[in-house]
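Geometric and topological summary
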Amino acid sequence: MSWNFLLSSFKRAEAAASTNGKIDLNLEAPSSIVLCCISIEAFCNEISSLSRAFLFDHKKEMIPSWEDFAGISYENLNTLCAISEDSSGSFYDRYKRVNRLLAEKSPGFMADLVHLRDLRDSLVHFRSCDVPIKQKEDGVIRSAQESPAVLHALKNRRISGKPVISAGKGEEWTLRISTSAMAIWALDLTCQAILYLLDSLPDGCFQKFVLERYAPRDRGYRDLYSKAKYDIGAWEREILG
């Protein structure tokens, strides 16, 4: 399902991209952000489920050293199994738990995953009715909802020279993040996050077991997410390059 969510995010954003080279408008960017978060969470749950399936397949075998055989300890596999059964925490929390079990260190994009999480939360908890109403001399006006803090953190972020957040003054913040640059940032970050976990799988039977489940039809790529990263880069060059 993680692949389906990522593919849906990509295709929706790709289809909605503005054809006007002077304006970067993509009304599917907010949906793309949410779907990217769901994709990462689903992937973490899939790794957990694959750990359970791997242990089940080999439970009757007398394996003297799981690390030599699977590339990962029996204890860590069991800990991975439990992640999909625990519904607490955000996709970011789940990702950190999987990363601690597979990787020796945290990747450099963790701060961006926090920004992605905060964007998702701001969108999902957006309340269009909770807009301040102020009285001025000429009558009652409806003022814009205050922008979430994450927009300030990303205000200088650019993709191929294009800002992920438009500078439109007076626009609702949900419209300001509706850019193809924002969608590409979220999509590429999602691919980075998932590929980092796949790359962190230790050599062994478990690595082979997992990678076989994400093998693409195009055998020129190791896995579906490597192909997606390439396709997203090609789309970026096409519309923003």
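Residue positions within a chain follow its written sequence, with the count starting from 1. In keeping with the model being predicted, local features are shown solely for residues with a pLDDT of at least 70 and side-chain atom pairs are shown and tallied solely at 80 or more, while totals for entire chains, interfaces and linings include all residues. Side-chain measures here rest on the full set of heavy atoms in the structure, leaving out hydrogens and waters.

Within soluble globular proteins, side chains that are nonpolar tend to cluster in buried spots. Here, nonpolar core refers to any group of buried Ala, Val, Leu, Ile, Met, Phe, Trp, Tyr and Cys residues whose side-chain atoms link them within 4.5 Å. Partly exposed describes any residue whose relative accessible area lies between the buried limit of under 20% and the exposed limit of over 50%, with all areas from a 1.4 Å probe on protein chains only and scaled to the type maximum. If you look at the biggest cluster of nonpolar residues, it comprises 69 residues, and the most contacted ones within it are Leu113, Leu116, Trp185 and Leu198. With 14 residues, helix H9 (residues 180-200) is the largest single contributor of residues to this core. If sequence neighbours within four positions are ignored, tryptophan 185 has contacts with Asp112, His115, Leu116, Leu119, Leu154, Arg157, Ile159 and Val164. Numbering of helices and strands runs from the N terminus; a helix is a DSSP stretch of H or I covering at least four residues, while a strand is a stretch of E covering at least two. Residue contacts follow a heavy-atom distance rule, with two residues in contact if any of their heavy atoms lie within 4.5 Å.

Now for the confidence of the model for the protein. Looking at any residue, its pLDDT shows the predictor's confidence there, from 0 to 100. The share of residues in the protein with pLDDT of 70 or more is 92%, and the mean pLDDT across the chain is 91. No element of the protein has a lower mean pLDDT than strand S2 (residues 139-142), which averages 56, and none a higher one than H9, which averages 98.

Cysteine sulfur atoms are paired as a disulfide whenever they fall within 2.5 Å. For the structure on display, the rule yields zero disulfides. Here cysteine 36 is not cross-linked by a disulfide; its sulfur's nearest cysteine counterpart is in cysteine 37, at 7.0 Å. On the basis of relative accessible area, cysteine 36 is assigned to the buried category, the value being 0%.

Our focus in this paragraph is the layout of surface pockets. In the cavity and pocket records, a cavity denotes points on a 1 Å grid over the protein atoms alone where a 1.4 Å probe fits but cannot get out, a pocket denotes an open set with protein on both sides within 12 Å along at least 5 of 7 lines, and lining residues are residues with an atom within 4 Å of a point. Grid points are joined across faces, edges and corners, and a volume is the space filled by probe spheres set on the points. Approximately 330 Å³ is the volume found for the largest pocket. What lines the largest pocket is a set of 21 residues, and nearest its centre among them are Asn20, Lys22, Ile23, Asp24 and Leu25. Elements with a contribution of two residues or more to the lining of the largest pocket: strand S4 (162-163) and helix H8 (173-176). Here the residues of the lining of the largest pocket sort into seven nonpolar, nine polar and five charged. Amino acids are sorted into nonpolar (Ala, Val, Leu, Ile, Met, Phe, Trp, Tyr, Cys and Pro), charged (Asp, Glu, Lys and Arg) and polar (every other residue, Gly among them).

Along helix H4 (residues 74-83), the residues classified as buried are Leu77, Leu80, Cys81 and Ile83. Within H4, the buried residues cover an arc of 155° as seen down the axis, which keeps them to one side. Residues of H4 that are buried make contact with helix H2 (29-57), helix H3 (66-70), helix H5 (91-102) and helix H10 (205-213). The reported arc concerns the directions from the helix axis to the C-beta atoms and nothing else.

Next up on the list: helix H11 (residues 224-239). With 16 residues, H11 extends 23 Å between its outermost C-alpha atoms, agreeing within 8% with the 22 Å of an ideal straight helix rising 1.5 Å per residue. Inspection of H11 places Leu224, Tyr225, Ala228, Ile232, Gly233 and Trp235 among the buried residues, and these make up the whole buried set. Contacts from the buried residues of H11 go to helix H1 (2-16), H2 and H9. Counted as a polar contact is a pair of N or O atoms within 3.5 Å, where, for protein atoms, one must be capable of donating a hydrogen and the other of accepting one, and residues adjacent in sequence contribute only when both atoms are in side chains. Measuring from the side-chain oxygen of the N-cap residue of H11 to the backbone nitrogen of tyrosine 225 gives 3.0 Å; that N-cap residue is aspartate 223. Here the expected span of a helix is defined as 1.5 Å times the quantity of residues minus one.

This part covers the pattern of salt bridges. Two side chains carrying opposite charge are able to pair once their charged atoms lie near each other. A side-chain nitrogen of Lys or Arg and a carboxyl oxygen of Asp or Glu constitute a salt bridge if their distance falls within 4 Å. Applying the stated rule across the entire model yields 13 salt bridges. In this structure, lysine 11 engages glutamate 14 in a salt bridge whose closest nitrogen and oxygen atoms are separated by 3.6 Å. In this pair, lysine 11 and glutamate 14 both sit in helix H1, three residues apart, roughly one turn of the helix. Residue classification places glutamate 14 among the partly exposed residues on the basis of a relative accessible area of 31%. If you follow the salt bridges from partner to partner, you end up with Asp199, Arg222 and Asp223 in one network.

What follows concerns the packing of H1 against H11. Two elements in contact, H1 and H11, have axes separated by 12 Å at closest approach and are oriented at 10°. In terms of orientation, H1 lies roughly parallel with respect to H11. Facing H1, whose interface residues are Ser2, Trp3, Leu6, Phe10, Ala13 and Glu14, H11 presents Leu224, Tyr225, Ala228, Asp231, Ile232 and Trp235. Every angle, taken between N-to-C directions, lies between 0 and 180 degrees, and every axis is a line fitted to C-alpha atoms, over only the stretch in contact when it is a helix. Throughout, the term roughly parallel applies to angles under 35 degrees, roughly antiparallel to angles over 145, roughly perpendicular to angles from 65 to 115, and oblique to all others.

Its location among the elements puts asparagine 99 in helix H5. Residue classification places asparagine 99 among the buried residues on the basis of a relative accessible area of 3%. In contact with asparagine 99, other than residues within four places in its own chain, are Lys105, Ser106, Pro107, Tyr196 and Leu197.

Okay, unusual backbone geometry next. Comment: phi is negative for the bulk of residues other than glycine, and the bulk of peptide bonds are trans. A positive phi angle is found at serine 160, which is not glycine, with a value near 50°. With respect to the element layout, serine 160 can be found in the loop between strand S3 (158-159) and S4.

We now examine the packing of aromatic side chains. Centre distance within 6.5 Å is the pairing criterion for rings of Phe, Tyr and Trp, where only the six-membered ring of Trp is used; planes under 30 degrees apart are then read as stacked, over 60 as edge-to-face, and the remainder as tilted. Here the structure, examined in full by the defined rule, presents 14 aromatic pairs. Three or more aromatic residues joined by ring pairs make a cluster, and in this case those are Phe54, Trp66, Phe69, Tyr74, Phe206 and Phe209. Geometrically, a lysine NZ or arginine CZ counts as sitting over a ring once it is within 6 Å of the ring centre and also within 35 degrees of the ring normal. In this structure, arginine 213 is placed above the aromatic ring of phenylalanine 209, and the distance from its NZ or CZ to the ring centre is 3.8 Å.

Further remarks concern the environment of alanine 53. Note on placement: alanine 53 falls in helix H2. Given a relative accessible area of 31%, alanine 53 falls into the partly exposed group. For the pair alanine 53 and isoleucine 23, spaced 30 residues apart in sequence, the C-alpha to C-alpha distance is 48 Å.

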